[in-house]
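Chain residues, written in single-letter form:
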Amino acid sequence: MLVDGTGIHPHKPLEGFTFTNITGTCSKGISLANITKANLKNINVTGFTGPLLSINNVTGKGLSGATVIDPPNIPESVSQIIKRISLNNYLLFVNFYYLYKISIKEPNITK
């Protein structure tokens, strides 16, 4: 692939991507997502299959003739990962505590 620029989060788009004066061969073209003020020009490549340029949520110059693609999957935020890990750890603790409590037999003390 010539450029895979689809890993940019939509809440923090890349501003000012420039890709100019490119010559050569590639197996696939350019895929871009979540970019503002893109500038593409003088791209002369051969050998690729599919469209030369595929975009989603991209603005700028040199985008005419681009194929629109589905938005990429949004990765989990760090806070979502921490919440998920914290919940999993809590559930593990509860399970182990329960197993511990049922495995210990209280001594039968009578007076």
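All values reported here derive from a predicted model rather than from experimental measurement. (Residues numbered from 1 in each chain as written. Predicted model: local features only at pLDDT ≥ 70, side-chain atom pairs only at ≥ 80, totals over all residues. Heavy atoms only, no water.)

Here's the deal with the overall build of the protein
Going by this rule: The secondary structure listing takes helices from DSSP runs of H or I that are at least 4 residues long and strands from runs of E that are at least 2 residues long, numbered from the N terminus. When a residue's accessible area, from a 1.4 Å probe over protein chains only, is under 20% of the maximum for its type it is buried; when over 50% it is exposed; and in between it is partly exposed. In what follows, a contact means two residues having at least one pair of non-hydrogen atoms within 4.5 Å. To measure how exposed things are, a 1.4 Å probe is used in the Shrake-Rupley method; for residues, cover is taken only from the protein chains shown.
Summing up its helical and strand segments, the protein has one helix and six strands in all. Out of the 111 residues belonging to the protein, those deemed buried represent 21%. Long-range pairs, those at least 24 residues apart, make up 31% of the contacts in the protein between residues at least 6 apart in sequence. Roughly 8,500 Å² of accessible area belongs to the protein as shown, and the carbon and sulfur atoms make up 58% of that amount.

Describing the nonpolar core
Note the cut-off: Each nonpolar core is a collection of buried residues, namely Ala, Val, Leu, Ile, Met, Phe, Trp, Tyr and Cys, held together in the definition by side-chain atoms within 4.5 Å.
Among the nonpolar cores identified, the biggest contains 16 residues, and F19, I30, L32 and L40 are the most heavily contacted of them. Among the elements of the structure, strand 3 (18–25), strand 4 (28–46) and strand 5 (49–61) are those that each provide at least two residues to this core. No other element matches the seven residues that strand 4 contributes to this core. Filtering out sequence-adjacent residues up to four positions away, L32 remains in contact with V3, G5, T6, F17, L40, L53, S54, I55, N56, V58 and I69.

Re the pairing of strand 4
Here is the rule we go by: Strand pairing requires that DSSP identify at least two bridges connecting the strands.
Two elements, strand 1 (residues 3–5) and strand 4, share three bridges in a ladder whose sense is parallel. Bridge pairing in strand 4 links V3 to I30. Examined bridge by bridge, strand 2 (residues 14–15) and strand 4 share two bridges and lie parallel to one another. Bridged to E15 within strand 4 is T36. Bridging between strand 3 and strand 4 involves seven bridges; their strand directions are parallel. Paired with T23 across the two strands is N44, which belongs to strand 4. Here eight bridges tie strand 4 to strand 5, and the two strands are oriented parallel to one another. Across the sheet, A33 pairs through a bridge with N56, a residue of strand 5.

Re the pattern of salt bridges
Which entries qualify depends on this criterion: Every case where a carboxyl oxygen of Asp or Glu lies within 4 Å of a side-chain nitrogen of Lys or Arg is listed as a salt bridge.
What the rule picks out here adds up to one salt bridge. A salt bridge links E15 to K37; the shortest N-O distance between them is 3.0 Å. With E15 in strand 2 and K37 in strand 4, this pair connects stretches of sequence that are 22 residues apart. A relative accessible area of 54% means that E15 is categorised as exposed.

Topic: unusual backbone geometry
The phi dihedral of K37 is positive, around 55°, even though this residue is not glycine. The exposure class of K37 is exposed, given its relative accessible area of 56%.

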